[in-house]
Amino acid sequence: MNMQSTVLINFAYIVASILFIFGLKMLGRAETARRGNMVSAAGMLIAVVVTLFDRQVLEFQWIVVGLVAGGLIGIVAAKAVKMTSMPEMVALFNGFGGLASLLVGWAEFGKIAHSGWLEYFTELTGTPDGNPAFTSATIALAVIIGGVTFTGSLYAFMKLAAWVSGRAVVFPGQKLINAAIVAGCVLAIVLFVLDERASESYPSFFCFLALALVLGFTGVMPIGGGDMPVVISLLNSLSGLAACAAGFVISNNVLIVAGCLVGTSGVILTMIMCKAMNRTLFNVLFSGFGASAQAGGAGAVQGELKPISAGDAFYLFEAARSVVFVPGYGMAVAQAQHAVKELADHLERNGADVRFAIHPVAGRMPGHMNVLLAEADVPYEQLVEMDAINPQMPSVDIAMVIGANDVVNPAAVRDPSSPIYGMPIINAHEARTVICLKRGKGTGFSGLENQLFLLPNSRMLYGDAKQSIQALVSEFKNS
Ligand code: NAP
């Protein structure tokens, strides 16, 4: 390839990288997010097309077949997958990203083992010079990180889709076993990198490949279903790092840049989620949080649950001037978002000020509640973040808690012995009246009892959230 085309290709890669960065930035705000997605996709299209020319692919028909098949699967998935199944879909996408990097690493190793280093470097860079140890290390990293991401994401998918129990699976010696697998991986990498006779390195290659695949499963095993969003975000970040390693393997600048962007943004999101739960990443990964019902701490819950019927709740709502909905995981389970929007419309017509208080980790994925409420056409201006709504809570007539539990548990601010003490919550307990929608006495993801439900100003509207809200809507319609 001549100098001019190399400059052109690198220029196109820089354009693609700039589009990725601007696209990511635009994803940060609801108003610009759709356009941000398009901008990033345009960057990816440029990167893919230019890479195909750069690599001088001889048989384009297979590329076209792959493009059409992948595009069709993408369109069908985007149309068919429900909003509530987005976490599962993201988990699968991450897993396939990891698998792609693993396969790139494997394919490159296959080439080297077949042709030898000199021929490989000559084909890749035009000169026989190259650093076999560096290339071997990047191949190993792409395969290991990709392998862990692949099986870890598949297991996370199965937990989220309830194909396996969502509970954290913990057993004695688990950490030791995981540590032994990591040590085995490190040993296999060292042997692989030090042995420059690539064709002889198959045993160490397959050893770390197998251990990485096992580590994905065993690493995710002790993490509860509710913590899967953090795990998925971390795995997403790992899939970026795997892609970055694959970029170094095949000397592709845009893959290195895109991999770094995914890797770092994944780490930032992981940290944001851990902060919102007041937990460390170490605690999320290794504590077995949610493995069993947790003790309530010294300030154990006392009081009486006071049920209320939809008919009686209606009279409270009819008189209310300000209502704050606090949605949680139960709203997603009940698919109650459209009914909530209908109720909000009735309340507004009745003269009430309606807002939705959004906790950063309500539900089972970042932005879970925003996505559901957007699907039901709730105006974005009605969504208020935790820090903005909390100071206003004492002047709110009704806080309606829709299938939320941990994110409104006052133990987080009142009970230093509680496992969730310090976790920021929405102060629903400070509203004049709290109406809590849940099916029964089920605890939240943390397994903790919730004092909120027993407070003098709390009433329990039992039943599936969607049905309870529909009953309230019927009361408004009949009034
Ligand atoms: P939660 O603590 O899991 O509580 C959900 C509540 O919904 C339960 O009390 C359940 O009670 C009720 N429920 C379930 N199905 C229902 C239905 N059909 N109708 C009415 N109620 C229903 O949920 P959350 O308050 O949203 O808290 C999220 C939890 O996930 C937190 O512990 C958070 O740290 C964790 N987490 C979230 C993320 C994230 O990215 N969003 C990440 C990591 C961890 P019943 O069974 O009695 O109905």
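Our structure's up above, just so we're on the same page.
The model shown is predicted, which means the values in this text are computed figures rather than measured ones. (Residues numbered from 1 in each chain as written. Predicted model: local features only at pLDDT ≥ 70, side-chain atom pairs only at ≥ 80, totals over all residues. Heavy atoms only, no water.)

Draft legend 1. A look at the overall build of the chain. Within the chain, the secondary structure is distributed over 18 helices and six strands. When its C-alpha atoms are laid out on the principal axes, the chain stretches across 80 × 50 × 35 Å. Burial analysis of the chain (479 residues in total) assigns 47% to the buried set. Pairs at least 24 residues apart make up 77% of the contacts formed inside the chain by residues separated by at least 6 positions. (Helix = DSSP H or I, 4+ residues; strand = E, 2+ residues; numbered from the N terminus. Buried < 20%, exposed > 50% of the residue type's maximum accessible area, 1.4 Å probe, protein only. Contact = heavy atoms within 4.5 Å.)

Draft legend 2. Expanded view of the sheet that holds strand β6 (residues 458-462). Reading across the sheet, the six strands line up as β3-β2-β1-β4-β5-β6 and stay open at both edges, with parallel pairing between neighbours. The strands lining the two open edges of the sheet, one partner per strand, are β3 (383-385) and β6. Strand-to-strand twist in this sheet, taken as the mean axis angle between neighbours without regard to direction, amounts to 25°. Sheet analysis places strand β2 (residues 353-358) next to β3, joined by three bridges and oriented parallel. Among the inter-strand pairings, Phe356 is bridged to a residue of β3, identified as Leu383. Contacts from helix α12 (residues 310-319) reach β1 (322-327), β4 (398-402), β5 (433-438) and β6 within the one sheet, and its direction differs from that of β5 by about 145°. (Pairing = 2+ DSSP bridges. Axes fitted to C-alpha atoms, helices over the stretch in contact; angles between N-to-C directions.)

Draft legend 3. Summary view of the site of the ligand. Taken together, the neighbourhood of the ligand is formed by 34 residues, with Gly226, Gly363, Asn405, Asp406 and Arg439 sitting nearest. Taking Asp406, its side chain carries an N or O atom lying 2.6 Å from an oxygen atom of the ligand. Taken together, the elements giving at least two residues each to the shell around the ligand come down to α9 (228-249), α13 (329-334) and β5. It is α13 that provides the largest number of residues to the shell around the ligand, a total of four residues. A per-class count over the shell around the ligand returns 16 nonpolar, 11 polar and seven charged. (Near = heavy atom within 4 Å. Polar contact = N/O pair within 3.5 Å; in protein donor to acceptor, adjacent residues only side chain to side chain. Nonpolar A, V, L, I, M, F, W, Y, C, P; charged D, E, K, R; others polar.)

Draft legend 4. Broad picture of the nonpolar core. Core analysis: the biggest nonpolar cluster contains 86 residues, and Phe317, Phe325 and Phe356 have the highest contact counts within it. With residues up to four places along the chain from it excluded, the contact list for Phe325 reads Val340, Leu343, Ala344, Leu347, Val354, Arg355, Phe356, Ala357, Met400 and Ile402. (Core = buried A, V, L, I, M, F, W, Y, C linked by side-chain atoms within 4.5 Å.)

Draft legend 5. Just the pairing of β5, in detail. Of all the six residues making up β5, five are buried; the element is thus mostly covered by neighbouring parts of the structure. As paired elements, β4 and β5 share five bridges and run parallel to each other. Looking across to β5, one finds that Met400 is bridged to Ile435. In the sheet, β5 pairs with β6 via five bridges, with the strands oriented parallel. Paired with Ile435 across the two strands is Arg459, which belongs to β6.

Draft legend 6. The arrangement of the side chain of Thr149 in detail. Tracing the backbone through its elements, the reader meets Thr149 in helix α6 (residues 132-160). Beyond its immediate sequence surroundings of up to four residues, Thr149 is in contact with Asn94, Gly95, Gly98, Leu235, Leu238 and Ser239.

Draft legend 7. Region of interest: unusual backbone geometry. Of note, Ala162 is a non-glycine position whose phi angle comes to about 60°, a positive value. Located in the positive-phi region is Asp377, a residue other than glycine, with phi close to 65°. By secondary structure assignment, the location of Asp377 is in the loop between α15 (368-375) and β3.

Draft legend 8. Fine view of the packing of α6 against helix α8 (residues 202-220). Following both chains from N to C, one finds α6 and α8 inclined at 30°, their axes separated by 7 Å at the closest point. On the basis of their axis angle, the class for α6 and α8 is roughly parallel. Judged by the sense of rotation from one axis to the other, the crossing of α6 with α8 is right-handed. A class-by-class count of the residues in the contact of α6 with α8 yields 17 nonpolar, four polar and one charged. (Parallel < 35°, antiparallel > 145°, perpendicular 65-115°, else oblique. Left-handed = near helix turned anticlockwise from the far one by under 90°.)

Draft legend 9. Looking closely at α15. Every buried residue belonging to α15 is among His368, Met369, Leu372 and Leu373, and all of these are buried. Viewed along the axis of α15, the buried residues span an arc of 120°, placing them on a single side of the element. Buried-residue contacts for α15 involve β1, α13, α14 (337-349), β2 and β3. Following α15 by one or two positions, Asp377 adopts a phi angle in the positive range, close to 65°. (Arc of directions from axis to C-beta.)

Draft legend 10. Looking closely at the packing of α6 against helix α7 (residues 174-194). Taken N-terminus to C-terminus, the directions of α6 and α7 make an angle of 150°; their axes are 9 Å apart at the nearest point. Considered as vectors, α6 and α7 are oriented roughly antiparallel to each other. As for the relative orientation of α6 and α7, their crossing is right-handed in sense. Contacts between α6 and α7 involve Ala133, Ser136, Ala137, Ile139, Ala140 and Ile144 from the first element and Cys185, Ile189, Phe192 and Val193 from the second.

Draft legend 11. Summary view of the pattern of salt bridges. One pass over the structure, following the stated rule, counts eight salt bridges. We note a salt bridge from Glu31 to Arg29, for which the minimum N-O separation is 2.6 Å. Glu31 sits in the partly exposed class, given a relative accessible area of 48%. In this structure, Asp195 engages Arg197 in a salt bridge whose closest nitrogen and oxygen atoms are separated by 3.0 Å. (Salt bridge = Lys/Arg side-chain N within 4 Å of Asp/Glu carboxyl O.)

Draft legend 12. Representation of the packing of aromatic side chains within the structure. In this structure the tally under the stated criterion is 20 aromatic pairs. An angle of 25° between the planes, with centres 5.4 Å apart, marks the rings of Trp117 and Phe121 as stacked. Residue Trp117 and its partner Phe121 are both found in helix α5 (residues 117-125); the two are separated by four residues, about one turn of the helix. Note on Trp117: relative accessible area 14%, which makes it buried. Under the relative-accessibility criterion, Phe121 is labelled buried at 5%. For the ring pair Phe205 and Phe206, a centre distance of 5.4 Å and an interplane angle of 80° mean the geometry is edge-to-face. On the basis of relative accessibility, which here comes to 0%, the residue Phe205 falls in the buried class. (Phe/Tyr/Trp six-rings, centres within 6.5 Å; stacked < 30°, edge-to-face > 60°.)

Draft legend 13. Spotlight on the environment of Phe22. As for its placement among the helices and strands, Phe22 is situated in helix α1 (residues 3-27). Looking at Phe22, the relative accessible area reads 53%, which means it is exposed. Spatially, the C-alpha atoms of Phe22 and Asn37 are 9.8 Å apart, while their sequence positions differ by 15 residues.

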